[in-house]
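Coordinate inspection notes
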Amino acid sequence: MAFVDDFTGQFTIKGQTVTPKNHVKILGVLMDTKLKYKEHIARAASKGLEAALELRRLRGLSLATARQLFISAVAPVVDYASNVWMHACKDKAMGPINRVQRVGAQATVGTFLTVATSVAEAEAHLATVRHRFWRRAVKMWTDIYTLPETNPLRRNTARIKKFRRYHRSPLYQVADAPKNVEMETLETINPFTLAPWEGRVQAGVEATPQSPTVPGGLMQIATSSSALNELVGFGMAIERQPPRYRKLKLKTLSVTLGARTEQNLFSAELAAMAHALNMVVGLKDYRITLLTSNKAAALTLRNPRQQSGQEFVCELYKLMRKLRRNGNQVNIRWISTSEDNKLRGLAKEQARAATQEDALPQERVPRMKSTTLNIARSQAVPSNDLPVNVGRHAKRVDTALPGKHTRQLYDRLSWKEASVLAQLRTGMARLNGYLYRINVVDTDQCACGQARETVEHFLFRCQKWTAHRTELLQCTNTHRGNISFFLGGKSPSDDQKWTPNLEAVRASIRFAIATGRLEAT
């Protein structure tokens, strides 16, 4: 019997007084009475900041290593169980988490902490917090659809997606984002593909040694997949050497598997192998070798896991057990695409024929989780584009931000060189034009007395550094004074095939270091 105290909210169970709390930790998540998750978000930001500061203290790391350490050691600390509390992480609550991002960018490429979070993330090539949260949420929603029908979560997906004007579940937002993606026909992925005691097939890269006597005969099956014209298909070529030295028999086949939005090359390769073994399941005393150029498929058969394409893997193992009971030997061999193999070439021709424009799917197979997940993420996950009123200098220097080219710019630089380049590209540098804005110096004028000391003035016009500018000007005759060219950015006049001129970028860095103007004093 429980006795509730009307004044304190306490109650007694078997003589022990229980005092209610305003929050409780459940599986590492601090849940409060109003489900606002303020304590958990603050705790996640605090722990993430601690990890980011530890990363910043490390010296001697390459920039690529520092970025990978942030992704693998700092981001998971912040993102733990984000599917539960991301809906409560509004703009005001994002402040502490954005600080973690800025410290991570500083540890990676040396940007100042005053740089806008989105600009710092773009320079360091770090995914935004929202981007990471939504990627995890969409994956969780897709994983629910791959559960067996007996799972209660899978049975309640329709209820979660149902629109309610009030008291909507946080999962509704996640379910509504990829609403244009068909999920009902997704494949089912069980907790394990094979029992632990079942034997695994040995897939190798070496040629399978032939025994001196083969009672029944030899058979080689080459499979290949193709994805053209928004279709996915596979082809196969079967070479059969009957016993008693009869003439070789060759057979080819092509099958259109499905649309590119439902299937992929990996699933097509597994489907091709299953289809081929199903065709020869009645043979006896043959040595059968499957040849594939898809290394992922070969490795999956050697060590099946809880992954996409599980249905084809189970079918393959079932067929191989039947063939072995009839005295056959089944081997899988991976061959490189550069290897000259006539049988593989025939299979590739058949695969391309299966994906011609007028081809129609010939088999009904479930949608692959990996392909569906990529499509759902492209529709639901917010982009990393810079906000409209943020980073005016960075946008003027590089219209391609954010982009993968920033890794090309920074990854081969030392930390000192990267810090110099980050100052020049963000505009927040140890120059009077910026230092005056933050009340560090009394004037924004350059020491030469000609103009404000901005990045453009420092690089191209300041007469104090004319002698140091010789190498910088020798990089080009047509782009002199183009700040985008010298800092590795894309200007509005560049075409789609633009790539940064790394030699000009290195010359700009050497010039800035030689002047000593951007060093801490």
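Being a predicted model, the structure only gives us computed values, none of them experimental.

Further remarks concern the packing of aromatic side chains. Summed over all chains, the structure comprises five aromatic pairs. Summarising the aromatic geometry, the rings of W85 and F133 are spaced 5.2 Å apart at their centres and angled 80° between planes, so their arrangement reads as edge-to-face. Of the two residues, W85 sits in helix α3 (residues 82–85) while F133 sits in helix α6 (residues 129–145), which places them 48 residues apart along the sequence. Looking at W85, the relative accessible area reads 0%, which means it is buried. Measuring from ring centre to ring centre gives 5.3 Å for F458 and F511, while their planes differ by 45°; the resulting arrangement is tilted. Here F458, found in helix α19 (residues 455–461), pairs with F511, found in helix α22 (residues 502–515); they are 53 residues apart in sequence, far enough to count as distant. A cation over a ring is seen here: R59 above W415, with NZ or CZ 5.0 Å from the ring centre. The side chain of K295 reaches across the aromatic face of W334, ending 4.8 Å from its centre.

Our focus in this paragraph is the nonpolar core. Counting residues in hydrophobic clusters, the biggest one holds 84 residues, and the most contacted among them are Y410, L424 and L459. With eight residues, the top contributor of residues to this core is α6. The two domains that each donate at least three residues to this core are domain 1 (11–109) and domain 3 (392–515). Dropping the residues within four chain positions of it, L424 is found in contact with H393, V455, F458, L459, L487, A512 and L518. The next biggest cluster of nonpolar side chains, apart from the first, holds 39 residues, and it includes A268, Y317, M320 and M368.

On to the domain arrangement of the protein. Split into domains, the protein comes out as domain 1 (11–109), domain 2 (203–365) and domain 3 (392–515). Look at where the C-alpha atoms of domain 1 and domain 3 centre, and you get two points 35 Å apart. The partner domain 3 presents eight residues to the seven residues of domain 1 that form the contact. Taking both partners together, domain 1 and domain 3 bury about 680 Å²; carbon and sulfur atoms supply 58% of that area.

Another aspect to go through is the pairing of strand β5 (residues 29–32). Inspection of the sheet shows strand β4 (residues 23–26) paired to β5 by four bridges, in the antiparallel sense. Each residue of the ladder has a partner; that of I26, found in β5, is V29. Between the end of β4 and the start of β5, which pair antiparallel, lie two residues, with L27 showing a positive phi angle near 50°.

Within the fold, H40 resides in helix α1 (residues 38–57). H40 sits in the buried class, given a relative accessible area of 3%. Reaching out from H40, the side chain makes a polar contact with the backbone nitrogen of L30 at a distance of 3.3 Å. For H40, the side chain forms a polar contact with the side chain of W85, separated by 3.1 Å.

Taken across its 11 residues, strand β8 (residues 231–241) has eight buried, putting it largely inside the fold. If you look at the hairpin formed by strand β7 (residues 217–228) and β8, you'll find two residues sitting between the two strands, and N229 has a positive phi there, around 55°. Here β8 pairs with strand β9 (residues 249–259) via 10 bridges, running antiparallel. Looking at β9, one finds that G235 is bridged to S254.

A few words on α6. Counted at 1.5 Å a residue, the expected span for α6 with its 17 residues is 24 Å, and the 25 Å between its end C-alpha atoms agrees. Looking at α6, one finds that the buried residues are V129, H131, R132, F133, W134, A137, V138, W141, T142, I144 and Y145.

Turning to the environment of K322, a few remarks are in order. As for its placement among the helices and strands, K322 is situated in helix α12 (residues 310–325). The class of K322 is partly exposed, set by a relative accessible area of 36%. Remark: the alpha-carbon pair of K322 and V281, spanning 41 residues in sequence, is separated by 7.0 Å.

The next point concerns the packing of helix α10 (residues 265–279) against helix α11 (residues 295–302). Between α10 and α11, the shortest axis-to-axis distance is 9 Å and the interhelical angle comes to 60°. In terms of their interaxial angle, α10 and α11 are classed as oblique. As α10 runs across α11, the sense of the crossing is right-handed. Note on element contacts: α11 touches α10 through A296, A297, T300 and L301, opposite F266, E269, L270 and M273. Across the contact of α10 with α11, the residue classes tally to six nonpolar, one polar and one charged.

With that settled, the discussion passes to helix α13 (residues 342–354). Every α-helix carries 3.6 residues per turn, so stepping three or four residues along brings you back to the same face. Between its terminal C-alpha atoms α13 stretches 19 Å, which fits the 18 Å expected from 13 residues at 1.5 Å a residue. For α13, the full list of buried residues reads L343, R344, A347, A351 and A354. Taken down its axis, α13 places every buried residue within 95° of arc, on the same side. Residues of α13 that are exposed and point over 90 degrees away from its buried face: K342 and E349. On its buried side, α13 packs onto β7, β8, β9 and β10 (286–292). Measuring from the backbone nitrogen of L343 back to the side-chain oxygen at the start of α13 gives 3.1 Å, which picks out N341 as the cap.

Per the stated rule, a full pass over the model turns up zero disulfides. Free cysteine: C448, not disulfide-bonded; nearest cysteine sulfur from C446 at 3.5 Å. Judged by its relative accessible area of 21%, C448 is partly exposed.

Quick notes on the rules
Residues numbered from 1 in each chain as written. Predicted model: local features only at pLDDT ≥ 70, side-chain atom pairs only at ≥ 80, totals over all residues. Heavy atoms only, no water. Phe/Tyr/Trp six-rings, centres within 6.5 Å; stacked < 30°, edge-to-face > 60°. Helix = DSSP H or I, 4+ residues; strand = E, 2+ residues; numbered from the N terminus. Buried < 20%, exposed > 50% of the residue type's maximum accessible area, 1.4 Å probe, protein only. Lys NZ or Arg CZ within 6 Å of the ring centre and 35° of its normal. Core = buried A, V, L, I, M, F, W, Y, C linked by side-chain atoms within 4.5 Å. Domains from an automatic or database assignment. Contact = heavy atoms within 4.5 Å. Buried area = accessible area lost by both parts, 1.4 Å probe. Pairing = 2+ DSSP bridges. Polar contact = N/O pair within 3.5 Å; in protein donor to acceptor, adjacent residues only side chain to side chain. Expected span 1.5 Å × (residues − 1). Axes fitted to C-alpha atoms, helices over the stretch in contact; angles between N-to-C directions. Parallel < 35°, antiparallel > 145°, perpendicular 65-115°, else oblique. Left-handed = near helix turned anticlockwise from the far one by under 90°. Nonpolar A, V, L, I, M, F, W, Y, C, P; charged D, E, K, R; others polar. Arc of directions from axis to C-beta. Disulfide = S-S within 2.5 Å.

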